[in-house]
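# Topology and contacts: notes
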Amino acid sequence: MAVKWVRERGPAVSKKEWWIVKTFTVERMRCEHVVNPLGVEVPRPRLSWELCGLRRGLRQAAYRLRAASTGARLAAGEGDIWDSGRVESAQSVLVAYAGSRLRSRQRVCWQVEVWDEIGEVATSAPAFWETGLLQARDWSAQWITYTQGGGTVPVDPAPFFRKEFNLDRPVESARAYVCGLGYHEFHLNGKRVGDAVLHPAFTKYDAKALYTVYDVTALLQSGVNAAGLWLGTGWYNCHSAGAWDFAQAPWRDVVKALAQIEVTFKDGSRQTIASDSAWRWSASPIRFDGLREGETYDAREEQPGWATAGFEALEWKPAIIARPPGGALKAMIMPPCRVIQTTAPVARHEALPGVWVFDLGQNMTGWARLTVTGAAGTRIVLRYAEKLSENGEIDDSNIQSFAKGRPFQTDTYILRGDRAEIYEPRFAYHGFQYVQVTGLPEPPTDHTLQGRVVHTDLETTGRFACSSELLTWIQHAVRWATLGNYHGMPTDCPHREKNGWTGDASLSSDQMLYNFDAASSYTKWLDDFTDCQRPNGAFPGIVPTGGWGYNWGAGPAWDAAYFTLSWNLYLYRGDRGILERHYEGMQRYLSFLAGMASGGIVNFGLGDWCPPEGVEDGHACPAALTNTAYYFSFARQTARVAELLGKRVEAARYAKLAARIRRAFLKTFATPLTGMFTGENQTSMATALFHNLVEPPQTDKVLAALLERVTACHEHLECGILGAKYVMRALTDSGHAELAYRIAMQEDYPSWGLWRKLGATTLWETWDGKASQNHHMFSDVGAWLYYALAGIQPDPAQPGFKHAVIRPNLVGELEWVEAGTHTPYGPLSVEWRREAGGAIFEIVVPANTTATVSLPARNAPTVTEGGRLAAGAVGIRISDAHEAGRAVFEVSAGTYEFICEL
Ligand code: BGC
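Residues numbered from 1 in each chain as written. Predicted model: local features only at pLDDT ≥ 70, side-chain atom pairs only at ≥ 80, totals over all residues. Heavy atoms only, no water.

### Some words on the overall build of the protein chain
Helix and strand content of the protein chain: 15 helices and 48 strands. The C-alpha radius of gyration of the protein chain comes to 29 Å, within 12% of the 29 Å expected for a compact globule of 902 residues. With the C-alpha coordinates of the protein chain rotated into their principal frame, the extents come out at 85 × 70 × 55 Å. The long-range share in the protein chain, meaning contacts at least 24 apart out of those at least 6 apart in sequence, stands at 75%. About 32,700 Å² of surface is accessible on the protein chain, with carbon and sulfur atoms providing 51% of the total. Side-chain charges in the protein chain split into 89 positive and 97 negative, and the spacing between the mean points of these groups amounts to 6 Å. (Helix = DSSP H or I, 4+ residues; strand = E, 2+ residues; numbered from the N terminus. Rg over C-alpha atoms; globule rule 2.2 N^0.38 Å. Contact = heavy atoms within 4.5 Å. Areas by Shrake-Rupley, 256 points an atom, 1.4 Å probe, with all protein chains shown as cover. Lys, Arg positive; Asp, Glu negative; His and termini not counted. Charge placed at Lys NZ, Arg CZ, Asp CG, Glu CD.)

### Some points on the sheet that holds strand E3 (residues 46–53)
One open sheet accounts for three strands, arranged E1-E3-E6; its pairing is antiparallel. The two strands at the open ends of the sheet, each matched to only one other strand, are strand E1 (24–31) and strand E6 (95–96). When E1 meets E3, the two strands line up antiparallel, connected through six bridges. Across the sheet, residue arginine 30 finds its bridge partner in E3, namely serine 48. (Pairing = 2+ DSSP bridges.)

### Brief notes about the confidence of the model for the protein chain
Mean pLDDT for the protein chain: 96, with 97% of residues reaching 70 or above. Below a pLDDT of 50 lies the segment residues 1–11, which in the model reaches 24 contacts outside its immediate sequence neighbourhood of four places, other chains included. (pLDDT = per-residue confidence, 0-100.)

### A short note on the packing of aromatic side chains
Scanning the model with the defined rule gives 63 aromatic pairs in all. Judged by centre distance (5.0 Å) and plane angle (80°), the rings of tyrosine 205 and tryptophan 251 are edge-to-face. One end of the pair, tyrosine 205, is in the loop between strand E14 (191–192) and strand E15 (208–215); the other, tryptophan 251, is in the loop between strand E16 (223–232) and strand E17 (256–265), with 46 residues separating them in the sequence. In this pair, the class of tyrosine 205 matches that of tryptophan 251, namely buried. Taking 4.7 Å as the distance between ring centres and 5° as the angle between the ring planes, the aromatic pair formed by tyrosine 514 and tyrosine 786 counts as stacked. One end of the pair, tyrosine 514, is in helix H4 (residues 502–515); the other, tyrosine 786, is in helix H15 (residues 780–790), and 272 residues separate them in sequence. You can call tyrosine 514 buried: its relative accessible area is 0%. The exposure class assigned to tyrosine 786 is buried, which follows from its relative accessible area of 0%. Of the aromatic side chains, those joined through ring pairs into one cluster are Trp525, Phe529, Phe539, Tyr562, Phe563, Tyr589, Phe592, Phe604, Tyr630 and Phe634. Of note, lysine 317 hangs over the ring of tryptophan 281, and the distance from its end group to the ring centre comes to 4.8 Å. Against the face of tyrosine 550 rests arginine 534, its NZ or CZ located 4.0 Å from the ring centre. (Phe/Tyr/Trp six-rings, centres within 6.5 Å; stacked < 30°, edge-to-face > 60°. Buried < 20%, exposed > 50% of the residue type's maximum accessible area, 1.4 Å probe, protein only. Lys NZ or Arg CZ within 6 Å of the ring centre and 35° of its normal.)

### Topic: the side chain of glutamate 718
Mapped onto the elements of the fold, glutamate 718 is located in the loop between helix H11 (698–712) and helix H12 (721–733). Discounting chain neighbours no more than four positions away, the residues touching glutamate 718 are Pro612, Val615, His619, Glu680, Asn681, Gln682, Arg709 and Cys713.

### A few points about the site of the ligand
What surrounds the ligand is the set Asp492, Arg496, Glu497, Trp501, Asp504, Trp552, Trp558, Leu606, Trp609, Glu765, His775 and Met777. Residue glutamate 497 places a side-chain N or O atom 2.5 Å away from an oxygen atom belonging to the ligand. Considered on its own, the ligand offers 300 Å² of accessible surface; in the complex 95% of this is hidden by protein. Each residue belonging to the shell around the ligand can be placed in one class, and the counts come to six nonpolar, one polar and five charged. (Near = heavy atom within 4 Å. Polar contact = N/O pair within 3.5 Å; in protein donor to acceptor, adjacent residues only side chain to side chain. Nonpolar A, V, L, I, M, F, W, Y, C, P; charged D, E, K, R; others polar.)

### So, H12
End to end, H12 covers 19 Å across 13 residues, agreeing with the expected 18 Å (1.5 Å per residue, within 8%). Taking burial as the measure, the 13 residues of H12 include twelve buried ones, the bulk of the element. Of all the residues in H12, the buried ones are Ile721, Leu722, Gly723, Ala724, Lys725, Tyr726, Val727, Met728, Arg729, Ala730, Leu731 and Thr732. (Expected span 1.5 Å × (residues − 1).)

Written out as structure tokens, the structure reads:
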């Protein structure tokens, strides 16, 4: 329903319309960023909600939160767990629960009543959260496995475990608390529980392992039940030799699991079924599985009904009690990996006799699903790659550098031979566009193979499209590279390494937060940083790590992820708690850097990684420059966080440190006369600008030097992953969005456009495309689309988009842009299009927020909104901020249509 412009009151609005604009609803109830989570463990969970309504200026004046022990009590208006009473406050994001102390397994039903600024009231639908097992003593289950392990850790067929149990009373509710390492599938009465795959997310297992709370009420039956567990090696028994020493991880061991099924009967009594030596195990048809190698499945070894009651498990052996992995058990409330999409090949061909190659048309992450009929014992081999060689076979030479002669991205299926058989792997995933299949009994049909897209199920929160096909393609490639590289953590690539490379994720985090609901996943990954931080403050280059990565691969530009992600969760999601949680870690890291610095300069760690070929010999930006700039920005951020947390003295200390580093930086790298910085690479100057290391009037000189280098490079980047972000940002923020746009639109080397021309569907690792073709570290251009073209910018003074800056840039031949991002307050969007002599801007500012809207306009006073002068329209006031060539307004929540003459 589009009510475009409405008067606040009065005759211009019909009664019905007034009712529409008067009322509002309360939606999207979240607890710790998640809708109805099971397994919440923090003592004071934070609650968020969104106001939804069409009236301009709609905002929250007060709220009342009620939390009750049952839905019925809540419905009766009770708040036996907590009643906040009416609180005069506009806060609707991350309001901390302040009721009585929560117990383990407690279900809390909650609801919020909201009063708006005109006294209307709305009540949300009921929502809930449920606590996890909060104490170690809540666990009666024992870790079980199938062999003692120790010494060299064996890689055996993936084991099944099973246990039957009797339920003799009607069940009221039931939960299963399950952790299975590396990966597990949990089955009850013949059904897989939930739809998570490659589960749970990877952690540093000797610090922490993640369990899942499953609501299994509907899967139980009266009488005999059967529980089943199926375990794969995953990261826990990672036996791949390469990338990076995980086979030597101190926590590595045979697969193991912990399961506790807790049943509450209608009569109030309880029964617990816990894993112990009474469970039994058997080898499963998965004869081999390896994270990077792939999976071998022998369908002749299937045991139909293995997880149903009455199955004859005569050959099965008793489970062995295993050593626990060593860390704490924590509930996983971030979204799991799922099969997100099933796709059909766009082409197939026979490269050599019997060698069939399927083209999925998109570089993706996951696996293939095979449908096939043939004789028992027939072996079908699937191999996955991003590229084809000249003879039409797959070419994985660009990604298998760590395979060291072992199978790589290879699944093998051995037929059972009875009827149409469908196979897809379970405990391995691949990065690929092409699947090469050998051993098919018959030439393939359209039904033989499908692509299964698998990654962490991050909800999409952003959309971007525009009249440029290239820029719209960038959004597509950014999305696919980002999603395909999220498997419980942001990874570098989905094939060669699959590692949580920190630097890559640091650079991606802005676009990530425009495009996806990454809050709970980032929260988990930041905890992984804490687990991996050495007592002296150092981080490894990959998180989680098996011990590798402290002495190579890390350094300020990579470790920056810890700072960037926590700050960005504050900036984009309004999460102050995350800063509180990691403040001590930031301080510890800073003292580590202080120990590494000499004279304020840090000279270790990676620099502007993967620049175009040839740059190293000529205009290279030194790593000491980019790393010292990060040192400065960490000190500044820590000072800000200290201030936010009310730690005045510490704030002053870090501000002083920042000032010292800045002086050292300028002294060491700047040539004040020319504005150039050491290396005279675009990255050198852009670093100084991006990190605010220079101040006017010097800024102009540095900008001029940067422009000089951009011109010398014919408006192309000469940067690696750091500069690619800084240059685009520095140009945009200094009024050169037009030039940044021209860089983004290039189609020859080096450029994003060249990748597209060469057939890319994701972002690549290097400008020449010779390495991995699915990396996300060059993805900040995706954030730039929102930031610069749509102009959607968060405001650190009122984070979480409580107040937004909307500052679109009409650049080049761009005819229109349509973009939106779902903020913690609701959807914010900017759509603009050129019209004869001007442009139309349709802007939606979420309820309970405000925005500063800065629009390009030849003559600010003539800007109209909703058909009348913007200056007099409801919800709009002319801003005190003046910008040349722009009209600037302060607007309240609502939908606006501005028309500007250009
Ligand atoms: C990874 C990168 C990573 C880099 C750091 C590479 O092997 O794929 O994305 O950031 O190493 O050294």
